[in-house]
Amino acid sequence: MKFSMLTNFIFLLLFLVVISCKDYYNDTIEWADNIEAELNLSEVQKLQPDFIEVDWNNPLSTSENERWYLITEIKGNRDVLSMSHFLVFKDGKYKYRESKK
C-alpha cells in the first residue's frame, strides 16, 4: 500500500513538473506574426525575444532578393508536428513568417 502511494506521488510530481514548464511556441508565433513589416534585419534582431534562437548566419536563399532565416530553437517547445518556422525578408525588409513541415 505504501509503495503504491509513493509511486503515485512520484508520478504526480513528475507530471506537474513537465506540465509547469513554459512552452514558448505560441509566444514565438505571435511575436513573428506581429513584427512590423518593412523592418530591416538589424531591427528585427533587436526585437528577438530571449526564448528563441534564429540562425541569422545561414539564411536560405529562395531568390536573389529573398532570404529565409530559420528559427532553430524555441524554449520549452513541445511541437509534436516538428514544424520549421522561418522569418522571410525580401530586399532586406521583413515580410512575414513562413511555417513548413
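See the structure printed just above.
The residue numbering used here restarts from 1 in each chain and proceeds along that chain's sequence as written. Only residues with pLDDT of at least 70 get local features here, since the model is predicted, and only at 80 or more are side-chain atom pairs given and counted; chain-wide, interface and lining totals rely on the full set of residues. Side-chain calculation: all heavy atoms of the structure are included, whereas hydrogens and water are not.

J.: Is there a simple way to think about the packing of aromatic side chains in this case?
T.: Ring pairs (aromatic) are described by centroid distance and by the angle formed between their planes. Only the six-membered ring of Trp is used, alongside the rings of Phe and Tyr, when aromatic pairs are assigned; centres must lie within 6.5 Å, and planes under 30 degrees apart are stacked while those over 60 apart are edge-to-face, with the rest tilted. Taken as a whole and judged by the stated rule, the model has 6 aromatic pairs. A ring pair is formed by Trp56 and Tyr69, whose centres lie 5.3 Å apart and whose planes are at 50°; its orientation type is tilted. With Trp56 in the loop between strand S1 (52-54) and strand S2 (60-63) and Tyr69 in strand S3 (residues 66-74), this pair connects stretches of sequence that are 13 residues apart. Across the pair, Tyr69 and Trp56 agree in class, each one buried. Aromatic pair Tyr69 and Phe89: ring centres 5.4 Å apart, planes at 90°, arrangement edge-to-face. Helix and strand definitions follow DSSP, with helices as H or I runs of at least four residues and strands as E runs of at least two, each counted in order from the N terminus. Partly exposed describes any residue whose relative accessible area lies between the buried limit of under 20% and the exposed limit of over 50%, with all areas from a 1.4 Å probe on protein chains only and scaled to the type maximum.

J.: Teacher, can you tell me more about the nonpolar core here?
T.: Soluble globular proteins: nonpolar side chains tend toward being buried together. With 17 residues, the main nonpolar core has Val44 and Leu87 as its most contacted residues. Broken down by secondary-structure element, the contributors of at least two residues to this core are helix H2 (25-33), S1, S3 and strand S4 (84-90). The leading source of residues in this core is H2, at 4 residues. As used in this record, nonpolar core signifies buried Ala, Val, Leu, Ile, Met, Phe, Trp, Tyr and Cys residues forming a set joined through side-chain atoms within 4.5 Å.

J.: In this structure, what is going on with the environment of Arg97? I would like to understand it.
T.: Along the chain, Arg97 falls in strand S5 (residues 93-100). The partly exposed category is assigned to Arg97, whose relative accessible area is 22%. C-alpha of Arg97 to C-alpha of Trp31: the two residues are 66 residues apart in sequence and 9.7 Å apart in space. Ignoring any residue separated from it by four or fewer positions in sequence, one finds Arg97 in contact with Ile29, Ala32, Asp33, His85 and Phe86. N or O atoms within 3.5 Å of each other form a polar contact, as long as, within protein, one can give a hydrogen and the other can take it, and as long as residues adjacent in sequence are counted only when both atoms are side-chain atoms. One polar contact links Arg97 to Asp33, side chain to side chain, over a distance of 2.7 Å. Note on contacts: a residue pair qualifies if any of its non-hydrogen atoms lie within 4.5 Å across the two residues.

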